[in-house]
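What follows is the residue order along each chain.
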Amino acid sequence: MEIVQATLEDFDGIVALLKRYHVDYISPEDKVNGFVTTNLTTEQLTRLIVDEKGVTIAKENGRVYAFALAASWEYWAEWPLFAYMIEHLEEYELNGVKLTRTNSYQYGPICVDTEVRGTGVFEKVFYASLASMRDRYPIMATFINKINPRSYAAHTRKVHTTEAGTFQFNNNNYFLMSCPTDMQP
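First, a word on what this report is: a plain description of the structure on this page. Remember, it's a predicted structure, so these values are computed and weren't measured experimentally.

Brief notes about the sheet that holds strand 8 (residues 162-169)
Note on sheets: strands pair through backbone hydrogen bonds, and any given pair is parallel or antiparallel.
So, point 1. An order of 1-2-3-6-7-9-8 is seen for the 7 strands of this open sheet, with the pairing classed as mixed. The outermost strands of the open sheet, each flanked by one partner alone, are strand 1 (2-5) and strand 8. Across the sheet, the mean angle from the axis of one strand to that of its neighbour is 25 degrees, orientation sign disregarded.
So, point 2. Taken together, the 5 bridges between strand 3 (residues 63-71) and strand 6 (residues 104-112) define a ladder with antiparallel strand orientation.

Examining the side chain of serine 178
So, point 1. Position of serine 178 among the secondary structure elements: in strand 9 (residues 172-180).
So, point 2. Filtering out sequence-adjacent residues up to four positions away, serine 178 remains in contact with Leu94, Leu99, Ile139, Met140, Ala141, Thr161, Thr162 and Ala164.

Let's talk about helix 4 (residues 80-88)
So, point 1. Every buried residue of helix 4 is listed here: Leu81, Phe82, Met85, Ile86 and His88.
So, point 2. The secondary structure elements touched by the buried residues of helix 4 are helix 3 (73-76), strand 6, strand 7 (139-145), strand 8 and strand 9.

A closer look at the packing of helix 5 (residues 121-133) against helix 6 (residues 149-158)
So, point 1. Closest axis-to-axis distance for the helix 5/helix 6 pair is 11 Å, and the angle between their directions is 70 degrees. Viewed along their axes, helix 5 and helix 6 adopt a mutual orientation that is roughly perpendicular. Contacts between helix 5 and helix 6 involve Phe122, Glu123, Phe126 and Tyr127 from the former and Ala154, His155 and Lys158 from the latter.
So, point 2. Taken together, the residues of the contact of helix 5 with helix 6 break down into 4 nonpolar, 1 polar and 2 charged.

Things to note about the packing of aromatic side chains
So, point 1. Per the stated rule, a full pass over the model turns up 15 aromatic pairs.
So, point 2. Aromatic side chains tyrosine 84 and phenylalanine 169 sit 5.4 Å apart centroid to centroid with 45 degrees between the ring planes, which places their arrangement in the tilted category. Taken as a pair, tyrosine 84 in helix 4 and phenylalanine 169 in strand 8 lie far apart in primary sequence, 85 residues in all.
So, point 3. Residue phenylalanine 169 is classed as partly exposed on the basis of its relative accessible area, which comes to 21%.

The rules we used
- Residues numbered from 1 in each chain as written.
- Predicted model: local features only at pLDDT ≥ 70, side-chain atom pairs only at ≥ 80, totals over all residues.
- Heavy atoms only, no water.
- Pairing = 2+ DSSP bridges.
- Helix = DSSP H or I, 4+ residues; strand = E, 2+ residues; numbered from the N terminus.
- Axes fitted to C-alpha atoms, helices over the stretch in contact; angles between N-to-C directions.
- Contact = heavy atoms within 4.5 Å.
- Buried < 20%, exposed > 50% of the residue type's maximum accessible area, 1.4 Å probe, protein only.
- Parallel < 35°, antiparallel > 145°, perpendicular 65-115°, else oblique.
- Nonpolar A, V, L, I, M, F, W, Y, C, P; charged D, E, K, R; others polar.
- Phe/Tyr/Trp six-rings, centres within 6.5 Å; stacked < 30°, edge-to-face > 60°.

Listed below in structure tokens is the structure:
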């Protein structure tokens, strides 16, 4: 399995995986195995790949099996949830350092096909994504919906991100997670 930064050639594979595991399409009984909530237009995903260089993927024989998204707060600002996070970002800290728009970025979602879960692909994609942002930001920040315990377990047990706090938005409860971008496996 190859872990690389996505190019526009990977666009359709990323979209197919996103749709397969998006909360709008996944069956209620499959939600317990994890889901993603972020929607992207064609233009937004193109900007994320080309301008932000923020899509790390795992692929084999041209098929995308996993992706992790990462971008500046400016990129994410048009989504209401991220705008809310930006407004409250400085209320959170990592190792005594206040999170800001300039010292942190938004990571996620990450999505791993069920065919490769439990094989280490999650960890490889996470750390490759982290490394891809290391030269730009010292801190990664993300959110996990409290009704997604699989994601919380993966981010706390497999890659050891830190719970910086909690917040509520649009009748949903979230964990705010963070870690230094120089964190190693």
